[in-house]
Amino acid sequence: MIYADNAATTQVSQTAINAMLPYLSELYGNPSSLYEFGQKAKEALEDARARVAKCLGCEAREITFTSGGSEADNQAITSAAYAGAKKGKKHIISTAFEHHAVLHTLKKLEKEGFEVTLLDVHSTGIVTAEEVAAAIRPDTALVTIMYANNEVGTIQPIKEIGAVCREKGVPFHTDAVQAAGHLHINVAEQNIDMLSLSAHKFHGPKGVGVLYARKGTRLFNLIEGGAQERGKRAGTENVPGIVAMAAALEEACANIDKNSAHQMALREKLIDGLDKIPYSELNGNRENRLPGNVNFCFEGIEGESMLLLLDDKGICASSGSACTSGSLDPSHVLLAIGRPHEVAHGSLRLSLGEDITEEQVDYLIASVTEVVTYLRNMSPFWRDLMTGKRQHVFAE
């Protein structure tokens, strides 16, 4: 099997498993308990908080542990919105291709009377700091722009956007779920006020994440019922998951340069190979993207059929189309970068892990080429394209 869907989730590393095990079997106390057995768990919790903070370039007290990136996004955005509303500021700036954890939260806030501006990300999948600056108004309560896109992998100019927000006194949040552990992050140097991440994207366990909130940032509770996490996130902390997350993040951050160089070299080989398929195009900026991300659109193809045939060949991948979730709509990300519906349906995302080999990339290229050819040969839509009844979107 070739697992090429690391943007969806990653294998838990042995380092994370080893860190977690003692807190599942031996040191299982509740960190809120006052007796020594519970305090050992508390010590592990605070040690993990300090280690995560060091990886992000912030203070331990600025770290709140959550159930994952979606919860962190929700708490960051609603907190900034409600804090802004108290000052008469009810305008929020984001982009059209954010993760649904952000977009759905913004939709909810719109129903509560907030105004949302979604910036264009263009065909490159990138928004500029200048565009953010032009959109900021006196009543802007928050700018929230993802660090790197989960589908097309494009990386935003976070430091520059953060500088604009800092200059204008507007809080800046970034969903860094795809970036953490894969790109160098320093929240202080990059002018980031709030940041979300999720452990399972960098070889930690599922169900645990982080919200970084700069000192002085007011957080509103999503979950009530206890005094955990300085009273900002009720519920007994997932000590095994948190300890494993800290270990996974440390390991990932220590190896970013080595892993990135390896992934980027094979990413470029994969892009070159898939680019030889007629009437196909890479989605997003080629250079300014996550090291392991490759996302292509193929004319005349349905993404779901392609995934099933690739699965038969032992390849785990994903499509930008949301059909696998019960919707017939293509990916909002691909539509945001200007792909028409009929092309967006034929997308393929391959997200490479650190252990990808050149032989596996060769197999990916050969398999995708074979599957695309097979599906086109049986497609009436493709026949119409080739006979001129329909116009091609891409050049050959």
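Further up the page is the structure itself.
Calculation rules
- Residues numbered from 1 in each chain as written.
- Predicted model: local features only at pLDDT ≥ 70, side-chain atom pairs only at ≥ 80, totals over all residues.
- Heavy atoms only, no water.
- 1 Å grid on protein atoms, 1.4 Å probe; cavity = no way out; pocket = protein on both sides within 12 Å on 5 of 7 lines; lining within 4 Å.
- Points joined across faces, edges and corners; volume = space filled by probe spheres on them.
- Helix = DSSP H or I, 4+ residues; strand = E, 2+ residues; numbered from the N terminus.
- Nonpolar A, V, L, I, M, F, W, Y, C, P; charged D, E, K, R; others polar.
- Pairing = 2+ DSSP bridges.
- Axes fitted to C-alpha atoms, helices over the stretch in contact; angles between N-to-C directions.
- Contact = heavy atoms within 4.5 Å.
- Buried < 20%, exposed > 50% of the residue type's maximum accessible area, 1.4 Å probe, protein only.
- Disulfide = S-S within 2.5 Å.
- Patch = residues over 30% accessible without salt bridge, like charges linked within 9 Å, V, L, I, M, F, W, Y side chains within 5 Å.
- Areas by Shrake-Rupley, 256 points an atom, 1.4 Å probe, with all protein chains shown as cover.
- Salt bridge = Lys/Arg side-chain N within 4 Å of Asp/Glu carboxyl O.
- Lys, Arg positive; Asp, Glu negative; His and termini not counted.
- Charge placed at Lys NZ, Arg CZ, Asp CG, Glu CD.
- Left-handed = near helix turned anticlockwise from the far one by under 90°.

**Some points on empty space enclosed by the protein**
Evaluated as defined, the whole model comprises one cavity of 30 Å³ or more. Its boundaries defined by the atoms lining it, the largest cavity holds a volume of some 210 Å³. Considering the residues around the largest cavity, the lining is formed by 19 residues, among which His182, Gln263, Leu290, Gly292 and Leu352 are closest to the centre. At four residues, helix α9 (residues 256–274) tops the list of elements feeding residues into the lining of the largest cavity. Of the residues in the lining of the largest cavity, the class split is six nonpolar, 11 polar and two charged.

**Focus: the sheet that holds strand β9 (residues 280–282)**
Read from one edge to the other, the open sheet built from three strands follows the order β9-β10-β12, with strand pairing classed as antiparallel. Two strands close off the open sheet at either side, each with one partner strand: β9 and β12 (347–351). Strand-to-strand twist of the sheet, defined as the mean angle between neighbouring strand axes without regard to direction, takes the value 20°. Across three bridges, β9 lies against strand β10 (residues 293–298) in antiparallel orientation. Within the sheet, the bridge partner assigned to Leu282 lies in β10 and is Phe296. Strands β9, β10 and β12 of the sheet are contacted by α9, whose axis makes an angle of about 10° with β10. With respect to the sheet, helix α10 (residues 303–312) is in contact with β10 and β12, its orientation differing from that of β12 by roughly 45°.

**A short note on the pairing of β12**
The two faces of a sheet get side chains in turn, since along a regular strand they alternate between them. β12 sits mainly inside the fold: five of its five residues count as buried. The pairing of β10 with β12 spans five bridges and is antiparallel. Pairing of Cys297 across the sheet is with Ser347, part of β12.

**Observations concerning the state of the cysteines**
Enumeration according to the criterion identifies zero disulfides in this entry. Cysteine Cys58 shares no disulfide, and the gap to the nearest cysteine sulfur, in Cys55, comes to 9.5 Å.

**A few points about a positive patch on the surface**
On the surface, Lys86, Arg218, Arg230 and Lys232 cluster together into a patch of positive charge. With respect to the helices, strands and loops of the structure, Arg218 is situated in the loop between β8 (209–213) and α8 (239–254). Judged by its relative accessible area of 48%, Arg218 falls in the partly exposed class.

**Re the environment of Leu21**
With respect to the helices and strands, the residue Leu21 is situated in the loop between α1 (14–20) and α2 (22–25). Measuring from C-alpha to C-alpha, the distance between Leu21 and Val243 comes to 9.6 Å, with 222 residues separating the pair along the chain.

**What to know about the packing of helix α4 (residues 69–85) against helix α5 (residues 100–111)**
Put simply, α4 and α5 touch, their axes get as near as 9 Å, and they point 35° apart. As α4 runs across α5, the sense of the crossing is right-handed. Across the interface between the two elements, Ser70, Asp73, Asn74, Ile77, Thr78, Ala81 and Tyr82 from α4 touch Ala101, Val102, Thr105, Leu106, Lys108 and Leu109 from α5. For the contact of α4 with α5, the class distribution of residues is seven nonpolar, four polar and two charged.

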